Amino acid sequence: MTTRLRTEVAIIGGGLMGSWTAYFLRRRGLSVALIDKGEIGAQSSGVNFGNLRLQGRHPGQIPLALRADAVWDRIVEHLGEACEFERGGHLYLAFDEAQMAKLGHMAEDMFRCGVPVKLLGAAGLRARWPWLGAGVAGASWSARDATANPRLVTPAVARAARRLGAEILSGTRVSAFAKDGERFRLATDRDLEIESDALVNTAGAWGPQIATVFGESAPVFAAGPPQFVTEPLPYFIGPSVQAADGRVIFRQVRRGNVVVAGYPRGASDPVANRAPVDPARTLAAMQSLVEAVPRLAGTSVIRVWSGIEGYLPDMLPVIGVSRTTRGLLHAFGFCGHGFQLGPGVGLTLAELLVDGGTSIPLSDFDIGRFAGEVAHDERLSREFDSASLAATGWSAAGKATLP
Amino acid sequence: MAEARRVLIVGAGPAGVAAAAVLAAHRQRPFLIDEGHAPGGQVYRRASAPVALDIKALFGSQVGKYERLHATFAGLAGSVEHRPRTLAWAVHERAVHTLAEGKAEVHPYDALILATGATDRLLPVPGWTLPGAYALGGAQTLLKDQGCLIGRRVVFCGSSPLLHLVALQYQAAGGEVAAVVDTTTTGAKLAAAPVLAANGFATLLRGLSYMAALRCKGVRIHHGTRLVAIEGETHVTGLRFRDRRGNEHRVEADAVAIGFGLRAETQLAELGGARLRYDSVFRQWLPDVDADGRCAPGLYAAGDGCAIGGADAAEESGQLAAYAALADLGIAAPNARMARLRAHVARLRRFQRGLAKAFDWPHSWPMDMPDQVILCRCENVTLGEVRATLREDIPPADVNRAKAFTRCGMGRCQGRFCGLALGELMAAETGTAHERTGWLRAQAPVKPVPVSTAFPS
Amino acid sequence: MSEAPRGQVVRVKRRHAPLVVIEIDGEQVEAFAGESVLVAVLAHRPALRHLEFSGEPRAGFCLMGACQDCWVEIEGVGGARACTTPVSAGLRVSTGWPRFG
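Residues numbered from 1 in each chain as written. Chains lettered and ligands numbered in written order. Predicted model: local features only at pLDDT ≥ 70, side-chain atom pairs only at ≥ 80, totals over all residues. Heavy atoms only, no water.

Let's talk about the overall build of chain B
Check the secondary structure of chain B and you find 13 helices and 25 strands. A globule of 457 residues ought to have a C-alpha radius of gyration of about 23 Å, and chain B, at 22 Å, matches this closely. Seen along its three principal axes, the alpha-carbon backbone of chain B occupies a region of about 75 × 55 × 45 Å. Per-residue burial over chain B gives 63% buried out of 457 residues. A separation threshold of at least 6 residues defines the contact pool for chain B, and within that pool the share at least 24 residues apart is 67%. Summed over all atoms, the accessible surface of chain B reaches about 16500 Å², with 52% contributed by carbon and sulfur. Averaging the coordinates of the 52 positive side-chain charges in chain B and doing the same for the 42 negative ones gives two points 5 Å apart. (Helix = DSSP H or I, 4+ residues; strand = E, 2+ residues; numbered from the N terminus. Rg over C-alpha atoms; globule rule 2.2 N^0.38 Å. Buried < 20%, exposed > 50% of the residue type's maximum accessible area, 1.4 Å probe, protein only. Contact = heavy atoms within 4.5 Å. Areas by Shrake-Rupley, 256 points an atom, 1.4 Å probe, with all protein chains shown as cover. Lys, Arg positive; Asp, Glu negative; His and termini not counted. Charge placed at Lys NZ, Arg CZ, Asp CG, Glu CD.)

So, the sheet that holds strand 14 (residues 226–231) of chain B
All names here are of chain B. Spatially, 14-15-16 is the arrangement adopted by the three strands of the open sheet, whose pairing is antiparallel. Because the sheet does not close on itself, it has two edges, and the strands there are strand 14 and strand 16 (248–252). Across the sheet, the axes of successive neighbouring strands diverge by a mean angle of 20 degrees, strand direction being ignored. In terms of strand pairing, strand 15 (residues 238–242) meets strand 16 through five bridges, oriented antiparallel. Looking at the pairing, Arg 242 lines up with Glu 248 of strand 16. (Pairing = 2+ DSSP bridges. Axes fitted to C-alpha atoms, helices over the stretch in contact; angles between N-to-C directions.)

Quick look at the packing of helix 5 (residues 162–172) of chain B against helix 6 (residues 186–216) of chain B
Residues and elements named next belong to chain B. Where helix 5 contacts helix 6, the two axes come as close as 9 Å, and the packing angle between them is 20 degrees. Here helix 5 lies roughly parallel to helix 6, going by the angle between them. In this structure, helix 5 meets helix 6 at a crossing whose hand is left-handed. Across from His 164, Leu 165, Ala 167 and Leu 168 in helix 5, the residues of helix 6 making contact are Lys 189, Tyr 210, Met 211, Ala 213 and Leu 214. Taken together, the residues of the contact of helix 5 with helix 6 break down into seven nonpolar, one polar and one charged. (Parallel < 35°, antiparallel > 145°, perpendicular 65-115°, else oblique. Left-handed = near helix turned anticlockwise from the far one by under 90°. Nonpolar A, V, L, I, M, F, W, Y, C, P; charged D, E, K, R; others polar.)

Considering the sheet that holds strand 12 (residues 221–224) of chain A
Strand order in the open sheet formed by three strands is 17-12-19 (chain A), with antiparallel pairing between adjacent strands. Edge positions in the sheet fall to strand 17 (266–267) and strand 19 (309–311) of chain A, since each has one partner strand and no second.

Side note on the environment of A:Thr212
All names here are of chain A. Following the sequence through the fold, Thr 212 ends up in helix 8 (residues 207–213). We classify Thr 212 as partly exposed; its relative accessible area is 48%. Only 2.6 Å separates the side chain of Thr 212 from the backbone oxygen of Pro 208, close enough to count as a polar contact. (Polar contact = N/O pair within 3.5 Å; in protein donor to acceptor, adjacent residues only side chain to side chain.)

Regarding the side chain of A:Asp377
Residues and elements named next belong to chain A. Relative to the helices and strands, Asp 377 resides in the loop between strand 22 (374–375) and helix 11 (379–383). The exposure class of Asp 377 is buried, given its relative accessible area of 19%. Asp 377 has contacts with Pro 313, Asp 314 and Met 315, leaving out every residue within four places of it along the chain.

With respect to the interface of chain B and chain A
Counting from both sides, the interface comprises 29 residues of chain B and, opposite them, 36 residues of chain A. Taking both sides of the interface into account, the surface hidden between chain B and chain A amounts to around 3000 Å²; carbon and sulfur atoms contribute 58%. Looking only at chain B, the three residues that lose the most surface to chain A are B:Ile394, B:Val451 and B:Phe455, adding up to 23% of its buried area. A:Arg255 is the partner of B:Glu379 in a salt bridge, and the nearest nitrogen-oxygen pair spans 2.8 Å. Where chain B meets chain A, there are 14 residue pairs in polar contact (both at pLDDT 80 or more). Where the side of chain B that touches chain A is concerned, the elements lending two or more residues are strand 4 (87–91), helix 12 (399–406) and strand 25 (449–450) of chain B. Taken together, the residues of the side of chain B that touches chain A break down into 15 nonpolar, seven polar and seven charged. Judged from the two bridges that link them, strand 18 (residues 300–305) of chain A and strand 25 of chain B form a sheet pairing that is antiparallel. Counted as the bridge partner of A:Val301 is B:Val449 from strand 25 of chain B. (Buried area = accessible area lost by both parts, 1.4 Å probe. Salt bridge = Lys/Arg side-chain N within 4 Å of Asp/Glu carboxyl O.)

Comments concerning the packing of aromatic side chains
Under the definition given, this model contains 21 aromatic pairs over all chains. Centre to centre, the rings of A:Trp20 and A:Phe24 are 5.7 Å apart; their planes meet at 15 degrees, and the pair counts as stacked. Separated by four residues within a single helix, A:Trp20 and A:Phe24 lie in helix 1 (residues 16–27), roughly one turn from each other. On the accessibility criterion, A:Trp20 (0% relative accessible area) is buried. Under the relative-accessibility criterion, A:Phe24 is labelled buried at 4%. A ring pair is formed by B:Tyr278 and B:Trp285, whose centres lie 4.6 Å apart and whose planes are at 55 degrees; its orientation type is tilted. The class for B:Tyr278 is buried, based on a relative accessible area of 16%. (Phe/Tyr/Trp six-rings, centres within 6.5 Å; stacked < 30°, edge-to-face > 60°.)

Description of the nonpolar core
Grouped together as the largest cluster of nonpolar side chains are 93 residues, with contacts concentrated most on B:Ile150, B:Phe156, B:Tyr170 and C:Leu38. Among the elements that make up this core, the one with the highest residue count is helix 8 (residues 310–328) of chain B (nine residues). When sequence neighbours within four positions are dropped, the list of residues in contact with B:Phe156 reads B:Leu136, B:Leu163, B:Val166, B:Ala167, B:Tyr170, B:Val177, B:Ala179, B:Val180, B:Val181 and B:Ala257. A:Val32, A:Ile62, A:Val153 and A:Ala158 belong to the second largest nonpolar core, which has 61 residues in total. (Core = buried A, V, L, I, M, F, W, Y, C linked by side-chain atoms within 4.5 Å.)

Some thoughts on unusual backbone geometry
A:Pro264 follows A:Tyr263 through a cis peptide bond whose omega is 5 degrees. Tracing the backbone shows A:Pro264 in the loop between strand 16 (258–261) and strand 17. Omega for the bond connecting B:Ala444 with B:Pro445 falls within 30 degrees of zero, at -10 degrees, which places this linkage in the cis form. Turning to its location among the elements, B:Pro445 is positioned in the loop between helix 13 (419–430) and strand 25. The backbone phi angle of A:Glu84 is positive, close to 60 degrees, even though this residue is not glycine. Structurally, A:Glu84 is set in the loop between helix 4 (75–79) and strand 4 (90–94). According to the relative accessible area criterion, A:Glu84 is partly exposed, its value standing at 43%. Positive phi outside glycine occurs at A:Met315, with the angle close to 55 degrees. Note on placement: A:Met315 falls in the loop between strand 19 and strand 20 (318–321).

Brief notes about the environment of B:Pro161
Residue and element names in this part refer to chain B. Among the secondary structure elements, Pro 161 is positioned in the loop between strand 11 (153–158) and helix 5. By relative accessible area, which is 40% here, Pro 161 ends up partly exposed. When the C-alpha atoms of Pro 161 and Phe 260 are compared, they prove to be 9.0 Å apart, with 99 residues separating the residues in sequence. Setting aside chain neighbours within four positions, we find Pro 161 in contact with Leu 355 and Phe 359.

As for the interface of chain B and chain C
Taken together, the contact pairs 53 residues of chain B with 49 residues of chain C. Of the roughly 4100 Å² buried between chain B and chain C, counting both surfaces, carbon and sulfur atoms make up 59%. Inspection of the region where chain B meets chain C yields three salt bridges. Measuring nitrogen to oxygen at the nearest pair gives 2.9 Å for the salt bridge that ties C:Asp69 to B:Arg377.

Quick look at the pattern of salt bridges
Enumeration according to the criterion identifies 70 salt bridges over all chains in this entry. One salt bridge connects C:Arg81 with B:Glu35, and the closest N-O pair in it is separated by 3.7 Å. Of this pair, C:Arg81 sits in strand 7 (residues 78–81) while B:Glu35 sits in the loop between strand 2 (31–33) and helix 2 (55–59), each in a different chain. The partner of B:Arg387 in a salt bridge is B:Asp371, with the nearest N and O atoms 2.5 Å apart. Placement of the pair is B:Arg387 in helix 11 (residues 383–391) and B:Asp371 in the loop between helix 10 (365–368) and strand 23 (374–376), with a sequence separation of 16 residues. Exposure remark for B:Arg387: the relative accessible area of 6% places this residue in the buried category. Judged by its relative accessible area of 39%, B:Asp371 is partly exposed.

Right, dumping it as structure tokens:
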């Protein structure tokens, strides 16, 4: 017999965005069902690098990021557990003057947005972090940036939402959508039908599939950075560190393992649910790691992984109300930068649904922006391998249009 | 002229060497990648230490097979490209990634035969991380490879056809066998005897002769036991166990060899695109192969890494996989011979399935073990920590999620020695079928790779 | 059986290789060239290494390169798996928490 579930808000996609949205909606008193085809926080929400970075973000994201940052600050109050949250700071390393100049511009942008970023010369850097390699020319330093354990955060948020009364429906695939007057009706692959006043699409790399049902879309391309982890080592690194050109990104967890990522990102397969890592990329990132931290040369890599993250050609997410359907909200395609934003997105979507508006500027993230041509971000050619970019179908002229 | 086809073999045990011989006979020049310093695999391993071993005494009635493998390999000189001391650490887009002497290489293939073998299958027991506690197969390897014993006075425990054999080998090498503590009941062995006799009478007799020889030398053999704890503070001092009637006993020893049969090495097959299927007799996930070992386009599996079958089945399944690879490459393979091999391999594997039923795999034990027992040796994760995560709201649905939450299986060994027990613990504690707890998905590198590895750009 | 054993493993087969001097945690000991570092250390010591997370002694387990429970530090090399690494003269091995080169 088919069970009918009536809820004010149905959220599809039990990742970080969906879970935080469920949590804040419950805090605002709305009934919520959080639906996921698989497990809560098992996709890119659970396998990302774990950076909670403010510096270097697109200035348009900073209001959202600062809002998120305030929640991260009180993570234990919200979730009842810290999930290895730590304000260890974040360094961008420059290996030449050109990169240093770019970091200088970024620091100015950040200053205007209210994020203090300090520029450090080679001598100052090495005085503080003597293990840095000789090739490092300078860095930008943001003491406020943090990290957390992505494997633990999303389930903890979903648990907190459930404690507040949210319905958590993992292992539930929505098989059909209908808008019946003011109501959404969702059929699932279980004996369960869901009826809701509002629908939130937080389906990550799978987000466009839902948007398409309602006559809109975004040219999401699924990819992930190669990531790996070393054996446990005595704790010595401290901050989270990223080469300005992305060739290597690393941090050391308190247990001792050094978690590493490195561009270029490679395509992943959301249909087969696979995110294979080309071993050659792992080796390249390992070499960059030793250049940045020579003393790691004698250690070993013990595990490699990637994820299925949704990317968009302008490297900005889709966040906000649908252009076609009343009551439908989107938040997907976070381009590998979503972990920090999660609580900010949740708070903001809850405001949109409860208050009908928000003070956070969202126009840069409007799903409607893909109706015309969208400029490619310059990072695309640098941070992705050419084969995966070619597979996106995005035009070679540096413009993307919807198919 | 047709372009030379690249046929790669990983593993130079009986399956890999047999495959190489077939390929060489068909004028292919296979590339044989092996972690060992010399061919032989674990079963016909040649000592890597400079030791004088009496091969006849060590291998007993199997010495002929040992000598034949090494003679076969010697005969392949010049027709096989052998890469010893080489780790195949990943398979990606029809290429094998290797590491030897600090250098990485990439080897594309048209056909890849995986003969990756098996390791000991283990369950956590209190004290199993103490110095002096070793895997049973490892205890034998230390003797064959290094001419050493794991201790002065050794107790052999668990359940495996190897149990009595290794005890006997230790005794012959001058070690003191404190006792053999077999967890299988005599009844279980008797019940399986007809299947065993029908499919491998000689092997069955050989097994019985080991037991008789041990008894003859005055070694106490306990059947139908339950292991309580490997004892010691900083190193092994003894083993506590209960007999069939529930009475507790203690054996003094400075080393314990423990094992419960074999666990297939399937990571490379999975990385190469093989599907895994659950085998309800071995209670593990094995590559889903056809009768010849095909498991994905251009990918073949043979030997214990494909289906636990023992050395003889490994050899013949290696030949079969090589013929299948040849046939798929458009080189005529002998149909009648393949049919014979198929029938023979099937019979040998039936024998091993009989053994698997005869030799107890006490898979529900972790459920009764105390919380503080270490389950994941690498990451120091206890049974209690896994139990706690199972009791959480939004508990893990499978072993991969349990790994994500607890770090069990996340360490250097990639869950080789805790993965099966993790699934069994989850199944027993939550009342779900073991099959539904899944397997720890393979991730490269299958063994640690140094950060300083040099690679061709 | 209560006092710590001198070493865990016992060599029972004759060696046909020269004895060489190696260093274990700064102490000079003799070992046979070509045997495994695991044997060279455990012939003298009750343990090979100490677990990173608890400090508990460990002495390897699978003895065939699979369990990765015998990683030690070798000077000039970094981490090495003791059961598959052969001994050579002058080798310096540390059984403590990894040091950086």
